[in-house]
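A closer look at the structure
So you can see what is in the structure, the chains are spelled out below.
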Amino acid sequence: MENVTKKGFYFKQYEAPNQSPFDKLFGIFKELITHTSGDFDEAIDWLRELDKEYKLTDEHYSIDDFIEDLKKKGYIRDELKDDGTSGIGITAKTERAIRQQALDQIFGNLKRSGNGNHKTKHSGSGDEHTGEFREFHFGDGLERISLTESLRNAQINNGVEDFMLTENDLVVEDTQYKSQMSTVLMIDISHSMILYGEDRITPAKKVAMALAELITTRYPKDTLDILVFGNDAWTIAIKDLPYLKVGPFHTNTVAGLQLAMDLLRRKRNTNKQIFMITDGKPSCVREKDGSYYMNSNGLDEYIVDKCYSQAQQARKSHIPITTFMIANDPYLQKFVNKFTEANQGKAFYTGLKGLGEMIFEDYEANRKKKIK
């Protein structure tokens, strides 16, 4: 009797990846240091509390051992605090690790590519393969001919015995243009981002860090500027994202949009866009004399009209604005709808969950434009 080989699946109980004590604690530490805006002492205090509750360590490896390993591996360093006392701070190596963790959490299903570029919806004499084939046309480069598909066509059209390869048998693999994108990410740091018992700034920070890591690794030809806006607006460096905090600020959306437009005017890329993460209504503008006009009661017509004006200016400059509104107030949605209409941009009404995925999907979709 012949042996029959059977194919199938073998199921077994899930086994968690084997992590070293350091790696297990380091993953938690990176999350805590993001929530504490880079405050090492506070993050370690939280880690000790978690250790008491969930028994993260044992007699062989303690929190103190973990801190010592952080020093040896170059993740933390001794430094002077603002008040002149000595303390411990995180290093650039930790900042990169935090950005990478944010990227893995939000865009974990993505694969890193060697040359970061974006597809457009136009096929032609580009340099990114689409996986689709078409007939050979005069002027197509010989290097683009698919030999396998062309030989298959020749066999079908002429037979094996009278085999011959003609121009009619040739097919080429379609390619697409690659585009470059300049993006400004605006983050609302007004006081409402931590009001009502909900931490909205930490998810916004994580999205910014993930987007920064995504662009620098997958799309290195793109540019990303990050700005924050409260009473005023200013740019921050990617390395400063873990330390970002909210302040006792109103929401000067106009100042943020003006700075974003100034940044994009200096870019040479054809494709430009603005992403804005906010949870509150615009409540502040700066007047020409340097004074501030503020009104937190409802939607102030004077303030929102200036927002609409900025949206229209961006539209005239062919700069779409995508607003990610992480609040559900109906009257705020009405404002965002009108703002989006003025710009002909897009708006997403989302909670904190799924914010990163939505931003990535929109980031990918917006590059589908042909470079003129």
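Reading the values: the criteria
- Residues numbered from 1 in each chain as written.
- Predicted model: local features only at pLDDT ≥ 70, side-chain atom pairs only at ≥ 80, totals over all residues.
- Heavy atoms only, no water.
- Salt bridge = Lys/Arg side-chain N within 4 Å of Asp/Glu carboxyl O.
- Helix = DSSP H or I, 4+ residues; strand = E, 2+ residues; numbered from the N terminus.
- Buried < 20%, exposed > 50% of the residue type's maximum accessible area, 1.4 Å probe, protein only.
- Expected span 1.5 Å × (residues − 1).
- Arc of directions from axis to C-beta.
- Contact = heavy atoms within 4.5 Å.
- Polar contact = N/O pair within 3.5 Å; in protein donor to acceptor, adjacent residues only side chain to side chain.

Once the charged atoms of two side chains with opposite charge are near each other, the side chains can pair. A full pass over the atoms with the stated rule returns 12 salt bridges. Residues Arg 152 and Glu 149 are paired through a salt bridge, measuring 3.2 Å at the closest nitrogen-oxygen approach. Here the residue Arg 152 and the residue Glu 149 both occupy positions in helix α5 (residues 147–158), the gap between them amounting to three residues, near one helical turn. The exposure class assigned to Glu 149 is partly exposed, which follows from its relative accessible area of 22%. The salt bridge involving Arg 286 is made with Asp 232; its shortest N-O contact spans 3.5 Å. Of the two residues, Arg 286 sits in strand β10 (residues 284–286) while Asp 232 sits in the loop between β7 (223–229) and β8 (233–236), which places them 54 residues apart along the sequence. A relative accessible area of 24% places Asp 232 in the partly exposed class.

Our focus in this paragraph is helix α2 (residues 40–54). Quick reminder: α-helices carry 3.6 residues per turn. Residues three or four places apart thus point the same way. Over its 15 residues, α2 runs 21 Å from end to end, which matches the ideal 21 Å to within 8%, given 1.5 Å per residue. What α2 keeps buried is the set Phe 40, Ala 43, Ile 44, Leu 47 and Asp 51. Seen end-on, α2 carries its buried residues on one side only, within an arc spanning 95°. Opposite its buried face, α2 presents the exposed residues Lys 52 and Glu 53, each directed more than 90 degrees away. Lining the buried residues of α2 we find α1 (21–35), α3 (63–72), β1 (76–80) and β2 (86–90). The N-cap residue of α2 is Asp 39: its side-chain oxygen and the backbone nitrogen of Asp 41 are 3.2 Å apart. In the segment just after α2, Lys 55 is the residue with positive phi, at about 55°.

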